[in-house]
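For reference, the chains in residue letters:
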Amino acid sequence: MREAIIIFTRVPIPGRTKTRLQGFLTKDQCAEIHKNFLKDIKKTCEKLNKDIFVFYTPEDKDNILKDILGEKCNYKIQQGNDLGEKMYNAIDYVLSKKYKSCILIGTDIPYLKKEDLSKAFKILRKKDVVLGPTEDKGYYLVGMKKSNKAVFENIEYGHGNVLDNTISSIKNANLTCDLTNKNVDIDDKDDLLYFYNEITKGRISENTNTSKFIVNVIEEYKKECLRLTV
């Protein structure tokens, strides 16, 4: 069965990515953590042996992504006036290439597991739409067998309960939906501290690119705090 994964991302350019982490991290570090997200997510996606598309913004920066993700992915520029339209256009493009289904994922979920993606594809064999919820009432994954713009319309992304509002839009369009596993995304300093604690307690592997980056950043931060109090 031909199935595809869309990695939906900004290009990790200092000052233009992970801006909510700026202040705690430098602009260069924000770009660096995003690069690590991409490396870990690609490694997870490759375990499923699906075709991988990378839809990115801004334009004319694909060489940066190719240095991180390699030449084998299919690179496309995001098209649309807002986030919902861009996600719809990406899914519509991929499904027009005769794939039976596809899922689109963001890049703020570096601890994504193969099982999260596998479950999403299994859901799509019975349902019209699959969503991957996040702890902050958003979603990190959306998948379909047939593109439907209604899923993305009248949604104010980044505010309120995006997940529930999207589910309501899906039901209003007379589509069926189910959820794959929940994940925690990384948006701010508290998220970094949460994952640092999970890594040090052995609940999350310390061997991923993102884990190594977080441990290094937080331990340097703790050393600096200690130095300032002496």
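Residues numbered from 1 in each chain as written. Predicted model: local features only at pLDDT ≥ 70, side-chain atom pairs only at ≥ 80, totals over all residues. Heavy atoms only, no water.

## Digging into the sheet that holds strand 3 (residues 74-77)
Each strand in a sheet pairs with its neighbour through backbone hydrogen bonds, running either in the same direction (parallel) or in the opposite one (antiparallel). An order of 3-2-1-4-6-5-7 is seen for the 7 strands of this open sheet, with the pairing classed as mixed. If you trace the sheet from one side to the other, it starts and ends with strand 3 and strand 7 (177-179), each paired once. Taken pair by pair, the neighbouring strands of this sheet meet at an average axis angle of 20°, ignoring direction. Bridging between strand 4 (residues 101-105) and strand 6 (residues 139-144) involves 4 bridges; their strand directions are antiparallel. Counted as the bridge partner of Leu 104 is Val 142 from strand 6. With respect to the sheet, helix 1 (residues 27-46) is in contact with strand 1 (3-10), strand 2 (51-57) and strand 4, its orientation differing from that of strand 1 by roughly 180°. Its contacts with the sheet put helix 4 (residues 114-124) on strand 1, strand 4, strand 5 (129-133), strand 6 and strand 7, and the angle it makes with strand 4 is roughly 140°. (Pairing = 2+ DSSP bridges. Helix = DSSP H or I, 4+ residues; strand = E, 2+ residues; numbered from the N terminus. Axes fitted to C-alpha atoms, helices over the stretch in contact; angles between N-to-C directions. Contact = heavy atoms within 4.5 Å.)

## Concerning the layout of surface pockets
Roughly 1,300 Å³ of volume is contained in the largest pocket. Contributing to the lining of the largest pocket are 38 residues, with Leu 83, Asp 108, Gly 158, Asp 185 and Asp 187 lying nearest its centre. Looking at the lining of the largest pocket, the elements with two or more residues in it are strand 1, helix 3 (83-95), strand 4 and strand 6. Counting residues per element, the lining of the largest pocket draws most heavily on strand 6, which supplies 4 residues. Among the residues forming the lining of the largest pocket, the class breakdown is 13 nonpolar, 13 polar and 12 charged. (1 Å grid on protein atoms, 1.4 Å probe; cavity = no way out; pocket = protein on both sides within 12 Å on 5 of 7 lines; lining within 4 Å. Points joined across faces, edges and corners; volume = space filled by probe spheres on them. Nonpolar A, V, L, I, M, F, W, Y, C, P; charged D, E, K, R; others polar.)

## Examining the packing of aromatic side chains
Here the structure, examined in full by the defined rule, presents 6 aromatic pairs. Taking 5.8 Å as the distance between ring centres and 90° as the angle between the ring planes, the aromatic pair formed by Phe 53 and Tyr 99 counts as edge-to-face. Note that Phe 53 is positioned in strand 2 and Tyr 99 in the loop between helix 3 and strand 4, a separation of 46 residues in sequence. For the pair formed by Phe 53 and Tyr 99, the shared burial category is buried. Residues Phe 55 and Tyr 93 carry aromatic rings whose centres are separated by 6.0 Å and whose planes lie at 70° to one another, so their mutual orientation is edge-to-face. On the criterion of sequence distance, the pair formed by Phe 55 in strand 2 and Tyr 93 in helix 3 is long-range, its members being 38 residues apart. By relative accessible area, Phe 55 is classed as buried at 5%. With a relative accessible area of 27%, Tyr 93 lands in the partly exposed category. Cluster of aromatic residues (ring-pair linked, three or more members): Phe 53, Phe 55, Tyr 93 and Tyr 99. Just above the ring of Tyr 99 sits the side chain of Arg 2; from NZ or CZ to the centre is 4.0 Å. Over the ring of Phe 121 we find Lys 50; its NZ or CZ atom is 5.0 Å from the centre of that ring. (Phe/Tyr/Trp six-rings, centres within 6.5 Å; stacked < 30°, edge-to-face > 60°. Buried < 20%, exposed > 50% of the residue type's maximum accessible area, 1.4 Å probe, protein only. Lys NZ or Arg CZ within 6 Å of the ring centre and 35° of its normal.)

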